[in-house]
Amino acid sequence: MGTPPWVAALFLLPALALLGALVVYPIGYSVWRSLFDASGDGFVGMDNYREVFSDDAILTAVKNNVIWVLVAPSVATALGLIFAVLTERVRWGTAFKLVVFMPMAISMLAAGIIFRLVYEQDPDRGVANAMWTTVHDTFADRPPFPGAHPRADAGLTADRDGSYSVPAAARAGSPQLVPLVGAKRGDVSGAAEAQAARPEPGKVTGTVWFDFTRGGGGRHGALDKGEKALADVKIEAVRDGTVVASTTTRADGTYTLPAKAEGARLRLPAANFDEPYNGVDWLGPSLVTPAIIGSYVWMWAGFAMVLIAAGLASVPRELLEAARVDGANEWQVFRRVTVPLLAPVLAVVVVTLMINVLKIFDLVYIIAPGTTQDDANVLALQLYQSSFGTDVNQGVGSAISVFLLVLVLPVMFFNIRRIRRESRR
């Protein structure tokens, strides 16, 4: 005698009640609310949906969501596949997998705070720019005295390109003093004391120094005792727009130019005083979305790696060995044997990450600064801003939530069909 249907329904009732209260009712209410205005009293029909597809901020969010769906799951899955395959044969593979998976133990909030600091513009605070500027400065010359400049009454003229020139023509046997101020304390703290240049027959000489006396006192434009030399400053002799000679200052601030510099104007190029390279504006309008995707990949590559490694462990080793015996190299074994056998696992990972990135909110809200948050906008963030931000319109917010649900449904149906298809095997 079989169990009566009402008994089965009785056991299912608590689950159905929870499902209705937590899933069906919120979806139905969101659809209903999307048909009304901001106050919830006036019926507006499809107007809120028209705004979703006409508002610039929402269209930017849709564009960014497309970028997220195409890039983030692909990169995270590819990295997870690479990590899983490469660590399969090494002794310390388990430890490496643990390290890669560890970010999954961190909440989105904590990860957002971490990467907000990583992407700081100041190289002294942001790790990304600290590494970037280190590499840049290794291959590029750093300005010797960024921010240095002459006083207004120093007799030097400022050129449009940021360089400074001596108005009078250079003369051999008459040393030219070039006083500067504004150099940073750290750049001159270990400098030698400036010395007056000696005249040399047939040559143009002079001194470039930091025209500041510690403790006060001293004379402007005059070389006082204890004032610091500015070494490695480039000096150019320019005649009719052409550089005829150039040199750099010595440790004591003095310089010497050959006889052909006589009669030319002395110029200090702007490269002497440019601000140092401060790295990339990671959170600027053009890079903010890729930067945030990078933080997401950092978190979820470990998830992909663990699932793929589990699938890789079930791959029959005899198939791989047979391919090698037939003459396939490791790349051919990976591309023609390993990847096809892992296709079901890779599909699970990609679909799971696609659903996840369609709902991404935390990282964008925390990492993107206020000035570029509109450029990094995504649908989940726009939903929050429309529903609870400064211009509250829960009708538009509900329309966005319904649109987001419509975007997720095809991925969910694909996943359900895939699961059913595999269950029949």
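A brief structural summary. Position numbers for residues start from 1 in each chain and track the written sequence from start to end. Where totals are concerned, whole chains, interfaces and linings use all residues; where local detail is concerned, this predicted model gives features only for residues with pLDDT of at least 70, and gives and counts side-chain atom pairs only at 80 or more. Excluding hydrogens and water, the side-chain figures rest on all heavy atoms present in the structure.

Here we come to the sheet that holds strand S2 (residues 164–169). Through backbone hydrogen bonds, the strands of a sheet pair up, either in parallel or in antiparallel fashion. Think of it this way: DSSP has to see at least two bridges between two strands before they count as a pair. Runs of H or I in DSSP of at least four residues are treated as helices and runs of E of at least two as strands, each being numbered from the N terminus. Spatially, the 5 strands line up as an open sheet ordered S1-S2-S8-S5-S6, and their pairing is antiparallel. Each end of this open sheet is capped by a strand with a single partner; those strands are strand S1 (157–158) and strand S6 (242–248). Summarising the sheet, S2 and strand S8 (residues 265–268) pair through 3 bridges and their orientation is antiparallel. Counted as the bridge partner of Ser165 is Arg267 from S8.

Turning our eyes to something else, we now look at the side chain of Asn65. Relative to the assigned elements, Asn65 resides in helix H3 (residues 56–86). Whether two residues touch is decided by their heavy atoms; if any such pair falls within 4.5 Å, the residues are in contact. Setting aside chain neighbours within four positions, we find Asn65 in contact with Val357, Leu358, Val378 and Leu379.

Distance thresholds for patches are 9 Å for like charges and 5 Å for nonpolar side chains (Val, Leu, Ile, Met, Phe, Trp, Tyr), applied to residues having over 30% relative accessible area and no salt bridge. We get accessible surface area from the Shrake-Rupley algorithm with a probe of 1.4 Å; when it comes to residues, only the shown protein chains can shield them. What counts as a salt bridge is simple: a side-chain nitrogen of Lys or Arg found within 4 Å of a carboxyl oxygen of Asp or Glu. A cluster of nonpolar side chains, namely Leu12, Leu16, Leu18, Leu19, Leu22, Val23, Val24, Ile27 and Val31, defines an oily patch on the protein surface of about 820 Å² accessible area. Position of Val23 relative to the elements: it lies in helix H1 (residues 5–33).

Three exposure classes are used, based on accessible area relative to the maximum for each residue type with a 1.4 Å probe and protein chains only: buried under 20%, partly exposed in between, and exposed over 50%. Turning to helix H13 (residues 379–388), its buried residues number three or more, namely Leu379, Ala380, Leu381, Gln382, Ser386 and Ser387. Looking at the buried positions of H13, the neighbouring elements they touch are H3, helix H12 (362–367) and helix H14 (394–423).

Take the environment of Val357 next. As for its position among the elements, Val357 is in helix H11 (residues 343–358). We classify Val357 as buried; its relative accessible area is 0%. As a C-alpha pair, Val357 and Thr256 span 101 residues in sequence and 63 Å in three-dimensional space. Residues contacting Val357, with those up to four places away along its chain left out, are Asn65, Trp68, Val69, Ala72, Pro73 and Tyr296.

Moving on, we get to the pairing of S8. The alternating pattern of S8 places Leu266 and Leu268 on a buried face and Arg265 and Arg267 on a face that is not buried. Looking at chain direction, strand S5 (residues 234–239) and S8 are connected through 3 bridges and run antiparallel. Bridged to Glu236 within S8 is Arg267.

Here we come to the environment of Arg265. Checked against the element boundaries, Arg265 lands in strand S8. Judged by its relative accessible area of 38%, Arg265 is partly exposed. For the pair Arg265 and Gly241, spaced 24 residues apart in sequence, the C-alpha to C-alpha distance is 9.6 Å.

With that settled, consider the pattern of salt bridges. Counted according to the given criterion, the structure contains 10 salt bridges. Arg50 serves as the salt-bridge partner of Asp47, at 2.4 Å between the closest nitrogen and oxygen. Remark: Arg50 and Asp47 occur in helix H2 (residues 47–52); sequence separation between them is 3 residues, near one turn of the helix. Of the residues examined, Arg50 reaches a relative accessible area of 53% and is grouped as exposed. We note a salt bridge from Arg324 to Glu330, for which the minimum N-O separation is 2.8 Å. Taking the relative accessible area as the measure of exposure, Arg324 reaches 21% and is therefore partly exposed. Where salt bridges share partners, they join Lys234, Glu236 and Arg267 into one cluster.

Another aspect to go through is the side chain of Arg33. Looking at the secondary structure, you find Arg33 in helix H1. Nearest to the buried, unbridged Arg33 among oppositely charged side chains is Asp37, at 5.3 Å. For Arg33, the contacting residues outside a window of four places in its chain are Ala38, Ser39, Gly40, Asn48, Gln394, Gly395 and Ser398. The sign given to each residue is positive for Lys and Arg and negative for Asp and Glu; His and the chain ends receive no count.

Helix axes use the C-alpha atoms of the stretch in contact, all axes being lines fitted to C-alpha atoms, and the angles between their N-to-C directions lie in the range 0 to 180 degrees. Two elements in contact, H13 and H14, have axes whose closest approach is 7 Å; the angle formed by their N-to-C orientations is 160°. As far as their axial angle goes, H14 and H13 are roughly antiparallel. The handedness of the crossing between H13 and H14 is left-handed. Contacts from Leu379, Gln382, Leu383, Ser386, Ser387 and Phe388 in H13 reach Gln394, Val396, Gly397, Ile400, Ser401, Phe403, Leu404 and Leu407 in H14. Throughout this entry, Asp, Glu, Lys and Arg are counted as charged residues, while Ala, Val, Leu, Ile, Met, Phe, Trp, Tyr, Cys and Pro are counted as nonpolar. The remaining residues, Gly among them, count as polar. Considered class by class, the residues forming the contact of H13 with H14 number 8 nonpolar, 6 polar and no charged. Oblique is the label for any angle not under 35 degrees, not over 145, and not in the 65 to 115 range, which are roughly parallel, roughly antiparallel and roughly perpendicular in turn. Should the near helix be turned anticlockwise from the far one by less than a right angle, the crossing is left-handed, and should it be turned clockwise, the crossing is right-handed.

Spatially, 3 strands are ordered S3-S4-S7 in an open sheet, and the strand pairing comes out mixed. Across the chains shown, the open sheet's two edge strands, defined by having one partner strand only, are strand S3 (176–180) and strand S7 (254–257). Adjacent strand axes in the sheet meet at a mean angle of 20°, parallel and antiparallel pairs treated alike. In this sheet, strand S4 (residues 204–210) lies alongside S3 in parallel orientation, the contact comprising 5 bridges. From the neighbouring strand, Leu180 faces S4, where its bridge partner is Phe210.

Before going further, it helps to examine helix H10 (residues 330–341). The end-to-end C-alpha separation of H10 is 15 Å, in line with the 16 Å expected for 12 residues at 1.5 Å each. All buried positions along H10 are accounted for by Val333, Phe334, Val337 and Thr338. All buried residues of H10 fall inside an arc of 130° around its axis, so they share one side. In H10, the exposed positions angled more than 90 degrees off the buried face are occupied by Trp331 and Arg336. Tucked into the core, H10 has its buried residues touching H3, helix H8 (288–313) and helix H9 (317–325). Polar contact criterion, stated in full: a pair of N or O atoms within 3.5 Å, where within protein one must be able to donate a hydrogen and the other to accept it, and residues adjacent in sequence count only if both atoms are side-chain atoms. The residue sitting at the N-terminus of H10 and contributing the capping side-chain oxygen is Asn329; that oxygen lies 3.2 Å from the backbone nitrogen of Trp331. The span expected for a helix works out to 1.5 Å for each residue beyond the first. Note: the arc covers the axis-to-C-beta directions of the helix.

What follows deals with the packing of aromatic side chains. To pair, rings of Phe, Tyr and Trp, with the six-membered ring standing in for Trp, must have centres within 6.5 Å; the planes then decide the type, stacked if under 30 degrees apart, edge-to-face if over 60, and tilted in the middle. One pass over the structure, following the stated rule, counts 20 aromatic pairs. Arranged with centres 6.1 Å apart and planes meeting at 25°, the rings of Tyr25 and Tyr29 form a pair that is stacked. On the criterion of helical spacing, the pair formed by Tyr25 and Tyr29 is a turn pair, its members being 4 residues apart in helix H1. A relative accessible area of 54% places Tyr25 in the exposed class.

Shape is all these values report; function is a separate question.
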